[in-house]
Amino acid sequence: MTDQTVSMKMPGGDHDYPVLEGTVGPEVVDIRKLYPQTGMFTYDPGFTSTASCESAITYIDGEKGILLHRGYPIDQLAEQSSFMEVAYLLLQGELPTAAELDHFTYTISRHTMVHEQLATFFRGFRRDAHPMAIMCGVVGALSAFYHDSTDITDPEQRMIASHRLIAKMPTLVAMAFKYSLGQPFMYPLNSLSYTGNFLRMTFGVPAEPYEVNPIVENAMRRIFILHADHEQNASTSTVRLAGSSGANPFACIAAGIACLWGPAHGGANEAALNMLREIGDVKRIPEYIARAKDKDDPFRLMGFGHRVYKNFDPRAKVMKATADEVLKELNISDPVLDVAKELEQIALNDDYFIEKKLYPNVDFYSGVILNAIGFPTDMFTALFALARTVGWVAQWNEMIADPEQKIGRPRQLYTGHTQRDYVPVDQR
Ligand code: CMC
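In short, a report on the structure. The shown structure was predicted, so the numbers you read here are calculated from the model rather than taken from an experiment. (Residues numbered from 1 in each chain as written. Predicted model: local features only at pLDDT ≥ 70, side-chain atom pairs only at ≥ 80, totals over all residues. Heavy atoms only, no water.)

### Describing the packing of aromatic side chains
Then step 1. On inspection of all chains with the given rule, the structure shows 19 aromatic pairs.
Then step 2. Through a chain of ring-to-ring contacts, the aromatic side chains of Phe83, Phe177, Tyr194, Phe198, Phe203, Phe224 and Phe375 assemble into a single cluster.
Then step 3. The ring of Tyr179 carries Arg127 above its face, with NZ or CZ at 4.0 Å from the centroid. (Phe/Tyr/Trp six-rings, centres within 6.5 Å; stacked < 30°, edge-to-face > 60°. Lys NZ or Arg CZ within 6 Å of the ring centre and 35° of its normal.)

### With respect to the sheet that holds strand 6 (residues 72–73)
Then step 1. The strand order across the open sheet built from 3 strands is 4-5-6, with neighbouring strands paired in antiparallel fashion. Taken across any chain shown, the strands that pair with only one partner, and hence form the sheet edges, are strand 4 (58–61) and strand 6. (Pairing = 2+ DSSP bridges. Helix = DSSP H or I, 4+ residues; strand = E, 2+ residues; numbered from the N terminus.)

### Thoughts on the nonpolar core
The tendency in soluble globular proteins is for nonpolar side chains to be buried as a group.
Then step 1. Counting residues in each nonpolar core, the largest one holds 115 residues, and the members touching the most others are Val139, Leu172, Met220, Leu301 and Phe375.
Then step 2. With 14 residues, the top contributor of residues to this core is helix 18 (residues 380–401). (Core = buried A, V, L, I, M, F, W, Y, C linked by side-chain atoms within 4.5 Å. Buried < 20%, exposed > 50% of the residue type's maximum accessible area, 1.4 Å probe, protein only.)

### Observations concerning the environment of Gly65
Then step 1. With respect to the helices and strands, Gly65 occurs in the loop between strand 4 and strand 5 (66–69).
Then step 2. With relative accessibility at 14%, the residue Gly65 sits in the buried group.
Then step 3. Separated by 247 residues in the primary sequence, Gly65 and Phe312 place their C-alpha atoms 5.6 Å from one another.
Then step 4. When residues no more than four places from it in sequence are discounted, the contact partners of Gly65 are Tyr309, Asn311, Phe312 and Pro314. (Contact = heavy atoms within 4.5 Å.)

### What about the packing of helix 12 (residues 268–279) against helix 15 (residues 335–348)?
Then step 1. Orientation of helix 12 relative to helix 15, taken along the N-to-C sense of each, is 95°, at an axis distance of 9 Å. Between helix 12 and helix 15, the interaxial angle falls into the category roughly perpendicular. Residues Leu273, Met275, Leu276, Arg277 and Ile279 of helix 12 touch helix 15, and the partners they reach there are Val336, Val339, Ala340 and Leu343.
Then step 2. In terms of residue class, the contact of helix 12 with helix 15 is made up of 8 nonpolar, no polar and 1 charged. (Axes fitted to C-alpha atoms, helices over the stretch in contact; angles between N-to-C directions. Parallel < 35°, antiparallel > 145°, perpendicular 65-115°, else oblique. Nonpolar A, V, L, I, M, F, W, Y, C, P; charged D, E, K, R; others polar.)

### A word on the sheet that holds strand 1 (residues 5–10)
Then step 1. Taken together, 3 strands build an open sheet; the order of strands is 1-2-3 and the sheet is antiparallel. Taken across any chain shown, the strands that pair with only one partner, and hence form the sheet edges, are strand 1 and strand 3 (28–29).
Then step 2. Here strand 2 (residues 13–20) runs beside strand 3; their pairing, made up of 2 bridges, is antiparallel. Bridge pairing in strand 3 places Leu20 opposite Val28.

This is the structure we're talking about:
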């Protein structure tokens, strides 16, 4: 709290509201007393000016294009860290010592298998089900399998549930993929890294040994780190809102998965690659740029723009470099990458995009890499969900432990009918 207050002129007189100060970033007006004092609410659809919670996990400066996890810049983490290290950092607040990292990695590896009964649960889905549809179902279903970690009042159970979610997501995402192919599920192999194990469960088959390609493993490590957390985005806020009622952690993460699926959020990686494929040739880019600018056309450049970043998304920079590296090292020439690069250049020099500060976001290049690795487009958002689970559980734990935590309950500006009398059906 600062000594500053903000004075609001209200019909019944002036009211002062305290100004809260974080360690960095904009100050926040504390309006908790607004309604009891004045009988008025604030109106903020999309929460563009509303801080819904206090958090010490992730900081974004959208104007400068900065993203920090527990203070560490995302590019340093993506370059130098492992996904397990970032997961520990987000959950525990500090980078682990070597011994802590070993212990954490071991703990996660002990939870990678899923209850055998879950395999039959998968069989209830059509083979052509979208992997995100499957993920909404099976992650929610975990709450029916792991009763011993659903008491959210017990910090130990909360941590076990968090470890289970981080450990089982790769297994479940890989199972969703295998199910679509009609191939047998692969059991985890805990001697491999988190990403190596995921690649083997996804692309390996029981009939042959699977060798993890270190270039692909490294690219996946980076992609997972770049998606691990992003403060109070829509899916994280969904997880927090679901959790605020005391719902169990598996159900809360399933809620986050549902929200992530949308094309304005995590579904943008799938939509961006589909768009790049549809454009197909650099010659057709002007046509799509014109459509994106046309107010009467709902088309948007997928992978462009961000609620918070009004500058380059720092994750997009790392993603672009990774796309170049992976395609070169795998010796793949993909015309989609040429379309992406040219589209980026044209958009970045176009007045419409400059004025609205629309830059490529994390999803613009990730699809190109995932496509090169061999993932079908409908798997992209499931991979995002896998990585974001770490952020979701870290934010969920922070919320449950926060003494200020209350059930989330926004208010509304009601514009419907005032009270009127019921009219029987034969008189309407
Ligand atoms: N293409 C064309 N115009 C755009 C785009 C775009 N991708 N994004 C925003 N605009 C325009 C929009 O039409 C609006 O114009 P006007 O002021 O004339 O009405 C203006 O820019 C502001 O857009 P907004 O929708 O009010 O901004 P927002 O903060 O509510 O939306 C967004 C942010 C990410 C939903 C939006 O930029 C978008 O739909 N982008 C495409 C989808 C996408 O790539 N999403 C991934 C986001 S990053 C990963 C994640 O967090 O999941």
